[in-house]
Each structure stands twice: as structure tokens, then as C-alpha cells.
Amino acid sequence: MTAPTLPPHSSPTAPAPATDGPADASGVPLGETLHTQVITWFDGNARDLPWRRADAGAWGVMVSEFMLQQTPVNRVLPVYEQWLARWPRPADLAKEAPGEAVRAWGRLGYPRRALRLHGAAVAITERHGGDVPTEHAQLLALPGIGEYTAAAVASFAYGQRHAVLDTNVRRVLARAVTGVQYPPNATTAAERRLARTLLPEEEETAARWAAASMELGALVCTAKNESCHQCPISGHCAWRLAGKPAHDGPPRRGQTYAGTDRQVRGKLLAVLREAHTPVPQAMLDRVWHEPVQRARALDGLVADGLVEPLPGALYRLPLT
């Protein structure tokens, strides 16, 4: 995900992390070296994005975190701005039917995220008076919120000290500290321990480090065609110093779309999003030529709560 910009502070140098953590060639704790250089780079290179601005608030940060999961920034921007214009507070979204969240989600993909965000808005309204909670445990208790999102909102919206591990941060740590090209396919306990070891002790610096390391992975230490010549920590990067050894772990998961059930689901949802009255089965049948795959995709949408079947072979986005 793309981290918000936190207000700059007087010095990017953080207190040293745990004394048993890794150190650089001069004996300085590696975390301290990385914090200083990455945060300084971030201060001059962070992108100006709407969820990074002070007026976005915690709700804006939460919405961005849901939308940015597996979706690039350029696709998120217009949907994010329309979403916040329509639903500036959780209570505004909670008043609407969940199908309206699915409709507004548009073509961002993985539309169950829209249902989860709607469920979180309802819970925030009912349990917290309409304000996004500040405590990590309260965030984690919201429907649709996992460890990553809870840590990201607590850190980026409230400036708290949490290890925020998205794909970008994991790749930066894998290369700079572990010395491998890519992190494992799924986050491991070892990665979480490393992230906690490197986390600055001071809350403001920790939140800024989370944002800065994420931005570094998004802009410089990218999955392909990394720009080591622009990297502020290239001189400390274990992977680069080892000669950039090729990935020798399990095959990296690729994402395909054409011809998959995901594509069929997207086509079916596109018809339902455009319709404001129930849609007959015959209209949905026209979106995909293969009847077995089409039926499987439609059944999956119903099972996921994204589509509501009605008597008479009619379908609509969910009202409850």
C-alpha cells in the first residue's frame, strides 16, 4: 500500500533499536542507519496523494488502505475521491445498502473489499460513535480488518508505533537486510520479528519509518527494474552487495485475468452495477459465452454476498 505522509519532525535519526539487532559495517545499529537515510529520502520524495493530507483523517486513511490492496495508485485515485465525496464519514456509508458500496467500487477489482469496508463502517458507527477507533486492538476487532490494515491505520492516521508489513516493505527488508531478491509468498514469523527488531523506539519516528520504507519499495526498490542508483540505502543493501543473487525460493505467484472466473465475475458485476432495477438472468447470460463457467461465477458472487438472487430468475446488488 501507499503510506501517508506524516508531518516532518526535527530530526530523522531514531533511537537505536534493540541492541541485539543487526549492525552496519561501522558497528552502528543497522536500523538506525536505515531510519535516518530512508526518512531523509522520504522527506524529499514522498508523493502528494489525497490520503496523505491532513484533511483525509483516519477514515480517509482506512478507505485508502482497503482500496490499495492489490490495486495500483492510478486506478485507486478517482474512485477514492468519489468515495470520500459521497461518504465523508463512516456513518454516511453505514446508512447505505452494502450493494451501493459494491456499485461505487467500480472496477477496482476484488469487490469483496467493498463489502468489508461497508461492514467496518457499520461497526465503527455502532461501536465507536462514528469515529475510527485509535487503538490497534479496536481496529483489529472491526470486520474486514486484519493485522496489516490495523497496523497501517494506527500508524499512518494516529502516528503510533507498529510494524507495518505490506509487499513493498517486505521487499525492502528482504533485500536490504536478509540479502534475498524477494520475500516469501506469504508473510512469515521471521519477517515479523525482523520488522519489530528494526522498528524505531520513538512513536513519531516509527510511524515515519513505516511510511518511508513503504514508499521506497513502491518507487525505488520495485519488484522489477529496481533503481538501485536512486536508493538511499544502496550502500548498506545486503542483496546488492552480494551481487544481486537471483531468487531461488518457491516460484513467485503470478496473477492472470483473461479467461478466468475473476474476469467473468467482473463482467457480471459490471451489468449489475449499471442497473438500478433487478436484472434478468437472460441479460447476465449474454456477458460470457461459456455457460458452466458463467454459472459458477454467478454462484460464487451469490455465495460471497455480492449479488442477491430474487424470485423469477432476477438478480441485484445486495440490499442487506
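Note that the coordinates shown come from a computational prediction; the quantities given were computed from them, not determined experimentally. (Residues numbered from 1 in each chain as written. Predicted model: local features only at pLDDT ≥ 70, side-chain atom pairs only at ≥ 80, totals over all residues. Heavy atoms only, no water.)

So, on to the packing of helix α9 (residues 167-178) against helix α10 (residues 189-198). Axes are the key here: two packed helices are described by the angle between their axes and the distance separating the axes. Interhelical geometry of α9 versus α10 gives an angle of 80° and a closest axis separation of 11 Å. The orientation of α9 relative to α10 falls into the category roughly perpendicular. Residue-level contacts link R170, L173, V177 and T178 of α9 to E191, L194, A195 and L198 of α10. Among the residues making up the contact of α9 with α10, the classes are represented as 5 nonpolar, 1 polar and 2 charged. (Axes fitted to C-alpha atoms, helices over the stretch in contact; angles between N-to-C directions. Helix = DSSP H or I, 4+ residues; strand = E, 2+ residues; numbered from the N terminus. Parallel < 35°, antiparallel > 145°, perpendicular 65-115°, else oblique. Contact = heavy atoms within 4.5 Å. Nonpolar A, V, L, I, M, F, W, Y, C, P; charged D, E, K, R; others polar.)

Strand order in the open sheet formed by 3 strands is β1-β3-β2, and the pairing between neighbours is antiparallel. A single partner strand is all that each edge strand has here, and the edge strands are β1 (279-280) and β2 (308-310). Of the strand pairs in this sheet, β2 and strand β3 (residues 314-316) are connected by 3 bridges, and their pairing is antiparallel. What sits directly across from P309, in β3, is Y315. (Pairing = 2+ DSSP bridges.)

Let's shift gears to the environment of G243. Positionally, G243 belongs in the loop between α12 (238-241) and α13 (261-274). Between the C-alpha atoms of G243 and G179, which are 64 residues apart in sequence, the distance is 9.7 Å.

With that out of the way, let us pick up the side chain of T71. One can find T71 in the loop between α2 (57-68) and α3 (73-86). Exposure remark for T71: the relative accessible area of 5% places this residue in the buried category. One polar contact links the side chain of T71 to the main-chain carbonyl oxygen of L108, over a distance of 3.3 Å. Engagement of the side chain of T71 in a polar contact is seen with the side chain of R113, the distance being 3.0 Å. (Buried < 20%, exposed > 50% of the residue type's maximum accessible area, 1.4 Å probe, protein only. Polar contact = N/O pair within 3.5 Å; in protein donor to acceptor, adjacent residues only side chain to side chain.)

Attention shifts here to the layout of surface pockets. Empty space among the atoms becomes visible once a probe the size of a water molecule is rolled across them. Empty space within the second largest pocket amounts to approximately 290 Å³. Together, 21 residues line the second largest pocket, and T178, V180, Y182, P183 and P184 are the ones closest to its centre. Listing elements by their share of the lining of the second largest pocket, those giving two or more residues are α9 and α10. The element contributing the most residues to the lining of the second largest pocket is α9, with 4 residues. (1 Å grid on protein atoms, 1.4 Å probe; cavity = no way out; pocket = protein on both sides within 12 Å on 5 of 7 lines; lining within 4 Å. Points joined across faces, edges and corners; volume = space filled by probe spheres on them.)

This paragraph deals with the domain arrangement of the protein chain. For the protein chain, the domain assignment lists domain 1 (1-254) and domain 2 (261-316). The C-alpha-based centres of domain 1 and domain 2 are spaced at 34 Å. Between domain 1 and domain 2 the total buried area reaches about 860 Å² when both faces are included, carbon and sulfur atoms providing 58% of it. Residue D304 is joined to R112 by a salt bridge in which the shortest nitrogen-to-oxygen separation is 3.7 Å. Taken together, the connections running from domain 1 to domain 2 amount to 4 residue pairs in polar contact (both at pLDDT 80 or more). Taken together, the elements giving at least two residues each to the side of domain 1 that touches domain 2 come down to α5 (98-105) and α6 (112-128). Split into classes, the residues belonging to the side of domain 1 that touches domain 2 amount to 4 nonpolar, 1 polar and 3 charged. (Domains from an automatic or database assignment. Buried area = accessible area lost by both parts, 1.4 Å probe. Salt bridge = Lys/Arg side-chain N within 4 Å of Asp/Glu carboxyl O.)

Looking now at the pattern of salt bridges. Throughout the structure, instances matching the rule amount to 16 salt bridges. With a closest N to O distance of 2.9 Å, R47 and E215 form a salt bridge. Placement of R47 in the loop between α1 (30-45) and α2 and of E215 in helix α11 (residues 203-219) is noted, with a sequence separation of 168 residues between them. On the basis of relative accessible area, R47 is assigned to the partly exposed category, the value being 25%.

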